[in-house]
Amino acid sequence: MRGFFAVGGRTLSYLDFGGSGAPLLALHGHYNEASAFAPLAEALAPRRRVIALDQRGHGESDRAEGYERDDYVADVAAFHRHLDLGPVPVLGHSLGGVNAYQYAARQPDRVSALIVEDIGAVVDCDWSFTVGLPRPVPSRQDLVAALGSAAAYLECSFRRTEDDWGFSFDVDDTVASQKALNGDHWQDWTAVACPTLLIRGTRSDELDAAHAREMITRRADGRARLVELPAGHVVHHDAPARFAAAVEEFLSAPG
């Protein structure tokens, strides 16, 4: 089911994959949208009810004037309030991972468990891929050809207009968002108090093994653990069954 809610004069969209299971909020990364979590939602059903946000400027959500850290975190808080849920687990990939751990750090009473997929406490994002993305092209086939091997990771965001094919996100907005994502976020990461699972792809070009281990070590509460799976940066895409199993095992473990 697709839902909408208003925040700050804009409309944000989300997908509630339904079911009677325990809610799990999901936050996608750049170039993606809520629908990227459809396979995960299917794998976790019926124990989990995945509810995924189209973050600002992505999917069916409105574009925004700003893409700063506080903007994204405020959107997550508004999303949570709109759903009228108590404390819930939150999962985030890449951009969504930083948004998730910053939300957990700043509103600890709202997040019962945290799953962060392949993003660090220090982010040094390169937007050269973004600026090189194909601008609107005549057909879906042209878009796939222009993207090459990256097409499989972006296809959930393909959009057709009356005249051409492009994406559900704006390239310039994405560059602005990536620039705002860069920086040292250790203060938020170490402030998280709830049980935390960090999932890293062993072939990731975003999160290296040493930094991932440091993230676990610097969580002084001892409530964070690391799982590494044979995947690139988008672990839920490259190793879907093992990713879903790791998520379920973590969420089912005693607190």
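Provided above is the structure to which this section pertains.
Residues numbered from 1 in each chain as written. Predicted model: local features only at pLDDT ≥ 70, side-chain atom pairs only at ≥ 80, totals over all residues. Heavy atoms only, no water.

1. Topic: the overall build of the protein chain
Thinking step 1. A count of helical and extended segments in the protein chain gives 11 helices and 12 strands.
Thinking step 2. Against the globule reference of 18 Å for 255 residues, the protein chain gives a C-alpha radius of gyration of 17 Å, in line with a compact fold.
Thinking step 3. Counting every position in the protein chain, which comprises 255 residues, the buried fraction comes to 57%.
Thinking step 4. A fraction of 73% describes how many contacts in the protein chain between residues 6 or more apart in sequence connect residues 24 or more apart.
Thinking step 5. Counting every atom, the protein chain has about 10900 Å² of accessible surface; 50% of that belongs to carbon and sulfur. (Helix = DSSP H or I, 4+ residues; strand = E, 2+ residues; numbered from the N terminus. Rg over C-alpha atoms; globule rule 2.2 N^0.38 Å. Buried < 20%, exposed > 50% of the residue type's maximum accessible area, 1.4 Å probe, protein only. Contact = heavy atoms within 4.5 Å. Areas by Shrake-Rupley, 256 points an atom, 1.4 Å probe, with all protein chains shown as cover.)

2. Re the nonpolar core
Thinking step 1. Of all hydrophobic cores here, the largest spans 45 residues; its most connected members are Phe5, Leu25, Phe79, Tyr101 and Leu114.
Thinking step 2. Setting aside anything within four residues of it in sequence, one finds Phe5 in contact with Arg10, Thr11, Leu12, Tyr14, Leu53, Asp75, Ala78, Phe79 and His82.
Thinking step 3. Counting 26 residues, the second-largest nonpolar core is a separate cluster that includes Leu44, Ala113, Val235 and Phe250. (Core = buried A, V, L, I, M, F, W, Y, C linked by side-chain atoms within 4.5 Å.)

3. Notes on the pairing of strand β4 (residues 48-54)
Thinking step 1. Here β4 lies mainly inside the structure; six of its seven residues are buried.
Thinking step 2. One ladder, built from four bridges, connects strand β2 (residues 10-16) with β4; its direction is antiparallel. Within the sheet, the bridge partner assigned to Leu15 lies in β4 and is Ala52.
Thinking step 3. Both strand β3 (residues 22-27) and β4 contribute to a ladder of six bridges, which runs parallel. The partner of Leu27 across the bridge, within β4, is Leu53. (Pairing = 2+ DSSP bridges.)

4. Observations regarding the packing of helix α2 (residues 69-83) against helix α3 (residues 95-106)
Thinking step 1. Between α2 and α3, whose axes approach to 9 Å, the crossing angle comes to 70°. Taken together, the axis directions place α2 and α3 in an arrangement best described as roughly perpendicular. Across the interface between the two elements, Arg69, Asp70, Tyr72, Val73, Val76, Ala77 and His80 from α2 touch Leu95, Val98, Asn99, Gln102, Tyr103 and Arg106 from α3.
Thinking step 2. Of the residues assigned to the contact of α2 with α3, the class counts are seven nonpolar, three polar and three charged. (Axes fitted to C-alpha atoms, helices over the stretch in contact; angles between N-to-C directions. Parallel < 35°, antiparallel > 145°, perpendicular 65-115°, else oblique. Nonpolar A, V, L, I, M, F, W, Y, C, P; charged D, E, K, R; others polar.)

5. Some thoughts on the sheet that holds strand β5 (residues 88-93)
Thinking step 1. The sheet built from eight strands is open, its strands ordered β1-β2-β4-β3-β5-β6-β11-β12 with mixed pairing. Two strands in the sheet have a free side with no partner beyond their single neighbour: β1 (2-7) and β12 (224-229). Adjacent strand axes in the sheet meet at a mean angle of 25°, parallel and antiparallel pairs treated alike.
Thinking step 2. The sheet contact formed by strand β6 (residues 111-117) and strand β11 (residues 196-201) spans four bridges and is parallel. Residue Glu117 lies in a different strand from β11, and its bridge partner there is Ile199.
Thinking step 3. Sheet strands touched by helix α9 (residues 209-217): β11 and β12. Its angle to β12, the strand with the most contacts, is close to 155°.
Thinking step 4. Strands β3, β4, β5, β6, β11 and β12 of the sheet are contacted by helix α11 (residues 240-252), whose axis makes an angle of about 155° with β6.

6. Considering helix α7 (residues 171-181)
Thinking step 1. With respect to burial, α7 is a largely interior element, eight of its 11 residues being buried.
Thinking step 2. For α7, the set of buried residues is Val171, Asp173, Thr174, Val175, Ser177, Gln178, Ala180 and Leu181.
Thinking step 3. Where α7 is buried, its residues contact α2, α3, β7 (122-123), α4 (128-131) and β10 (183-184).
Thinking step 4. Backbone nitrogen of Asp172 and a side-chain oxygen of the N-cap are separated by 3.0 Å at the start of α7; the cap is Asp170.
Thinking step 5. Where α7 ends, the next residue or the one after it, Gly183, has phi of about 140°, a positive value. (Polar contact = N/O pair within 3.5 Å; in protein donor to acceptor, adjacent residues only side chain to side chain.)

7. Re the packing of aromatic side chains
Thinking step 1. Following the criterion strictly, the structure yields nine aromatic pairs and no others.
Thinking step 2. Between Phe167 and Phe169, the ring centres sit 4.9 Å apart and the planes meet at 15°, which makes this aromatic pair stacked.
Thinking step 3. Residue class for Phe167 comes out buried when judged on its relative accessible area of 15%.
Thinking step 4. Looking at Phe169, the relative accessible area reads 6%, which means it is buried. (Phe/Tyr/Trp six-rings, centres within 6.5 Å; stacked < 30°, edge-to-face > 60°.)

8. A closer look at the pairing of β3
Thinking step 1. Burial within β3 is extensive, with five of its six residues counted as buried.
Thinking step 2. In this sheet, β5 lies alongside β3 in parallel orientation, the contact comprising three bridges. Bridged to Leu27 within β5 is Gly92.

9. Quick word on the environment of Thr202
Thinking step 1. Within the secondary structure, Thr202 sits in the loop between β11 and α9.
Thinking step 2. A C-alpha to C-alpha distance of 9.6 Å links Thr202 and Asp118, two positions 84 residues apart in sequence.
Thinking step 3. Each residue touching Thr202, except ones within four places of it in the same chain, is listed here: Glu228, Leu229, Pro230 and Ala231.

On their own, these measurements won't tell you what the molecule is for.
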